[in-house]
Amino acid sequence: MNPSRIPDGIPVLSRGRHRTPRRGACFMELASVLAGERWSDHPSCTHPLLAHLARLVNDRTSDDGRQQLLPLVPSVVGRRGNDRTWLTVAVAVAAETILDVPEATQRPLAAGLLQAERLCADAEPDLAATRREARFALEMVPGAVAWVDGLGIRSPIDARTFARRSAPTMVRCTVDGVVASASPDGDQRLGALLEAGIAACPAPDTVIAAPAFAGGPAGPRPTPTR
C-alpha cells in the first residue's frame with residue numbers, strides 16, 4: 001500500500017474507536033492502515049504518547065474540523081520515538097498552550113513541566129533544548145508555579161514514573177484546557193497542538209510528506225487509554 005495518501009474508500013474521520021472501517025475511522029485507525037498493520041487505534045507504528053495525543057485531538061475536535069486533520073495522518077506513521085520522547089512530546093504540547101488554557105489547567109501543567117525540567121537536567125546535553133523549552137513555559141506562568149510550590153510536594157520522580165503517569169496526564173490536561181477555553185479557533189488550536197507533538201517525536205527514516213494543518217501552524221511504553 002502506498003503510504004503517501006489516504007486510500008480510496010476509507011471513511012471520514014469520526015470520534016471514538018471503531019470495530020471495522022465500515023463503522024467509521026479515527027485518526028490512529030487510519031494510521032494503522034497506512035502502516036500496513038491490523039486495524040487498531042493503538043498501532044505499533046506510532047509512539048504511545050503521540051498516539052494518545054492524536055486520539056484525544058481526534059475526539060475533541062468538531063465534526064467539521066476533524067476532517068482537516070487528515071493530511072497529518074501520514075506524519076505519525078513510523079514515529080515510534082525513543083526513551084526521550086515521553087519528555088519531548090509532553091513538554092512541547094504543554095508549552096504550546098500553557099498561556100492559553102484556564103488557570104486550573106495551568107497548574108497541573110506547571111507541575112509536569114517542573115518534573116520534566118529536572119529529568120532533562122539529568123540527561124544533559126541531549127535534552128538541553130527541551131529543558132529550555134520547559135523553563136521558558138514555566139516563566140510565563142509564575143502563579144501556577146507558585147501554586148505548585150505551595151503544595152510542598154516537589155519530590156523528584158524517575159523517568160519511568162514520568163512516562164507512566166505524568167506525560168499522559170500533561171497531554172490530556174492540555175487538550176482538555178484548549179477545549180475548556182472555548183476559543184472560536186479551538187479546532188485550529190487542537191490541530192496545531194497535534195503538529196507540535198508530531199514535531200517533537202523523532203521522524204522515521206523515510207518521512208511521508210504531509211501539508212500543515214489547515215489554519216494552524218525505547219523506554220517504558222505504557223499504552224494510555226482513550
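Let me begin by describing the structure that accompanies this report. (Residues numbered from 1 in each chain as written. Predicted model: local features only at pLDDT ≥ 70, side-chain atom pairs only at ≥ 80, totals over all residues. Heavy atoms only, no water.)

### As for the pattern of salt bridges
Line of reasoning, step 1. This model, assessed by the stated rule, comprises seven salt bridges.
Line of reasoning, step 2. Two residues, arginine 84 and aspartate 126, come together in a salt bridge whose shortest N-O distance is 2.9 Å. Of this pair, arginine 84 sits in the loop between α4 (73–76) and α5 (85–97) while aspartate 126 sits in the loop between α6 (103–122) and α7 (128–139), placing them 42 residues apart in sequence.
Line of reasoning, step 3. With a closest N to O distance of 2.7 Å, arginine 135 and glutamate 117 form a salt bridge. In this pair, arginine 135 is assigned in helix α7 and glutamate 117 in helix α6, connecting sequence segments 18 residues apart.
Line of reasoning, step 4. You can call arginine 135 partly exposed: its relative accessible area is 31%. (Salt bridge = Lys/Arg side-chain N within 4 Å of Asp/Glu carboxyl O. Helix = DSSP H or I, 4+ residues; strand = E, 2+ residues; numbered from the N terminus. Buried < 20%, exposed > 50% of the residue type's maximum accessible area, 1.4 Å probe, protein only.)

### A look at the packing of helix α9 (residues 159–180) against helix α10 (residues 186–199)
Each pair of packed helices gets described by two things: the angle between the helix axes and the distance between those axes.
Line of reasoning, step 1. In contact at an axis separation of 9 Å, α9 and α10 are set at 165° when each is read in the N-to-C sense. As far as their axial angle goes, α10 and α9 are roughly antiparallel. The hand of the α9/α10 crossing is right-handed. Here Thr174, Val175, Val178 and Val179 of α9 come into contact with α10, specifically with Gly186, Arg189, Leu190 and Leu193.
Line of reasoning, step 2. Class assignment of the residues belonging to the contact of α9 with α10 gives a composition of five nonpolar, two polar and one charged. (Axes fitted to C-alpha atoms, helices over the stretch in contact; angles between N-to-C directions. Parallel < 35°, antiparallel > 145°, perpendicular 65-115°, else oblique. Left-handed = near helix turned anticlockwise from the far one by under 90°. Contact = heavy atoms within 4.5 Å. Nonpolar A, V, L, I, M, F, W, Y, C, P; charged D, E, K, R; others polar.)

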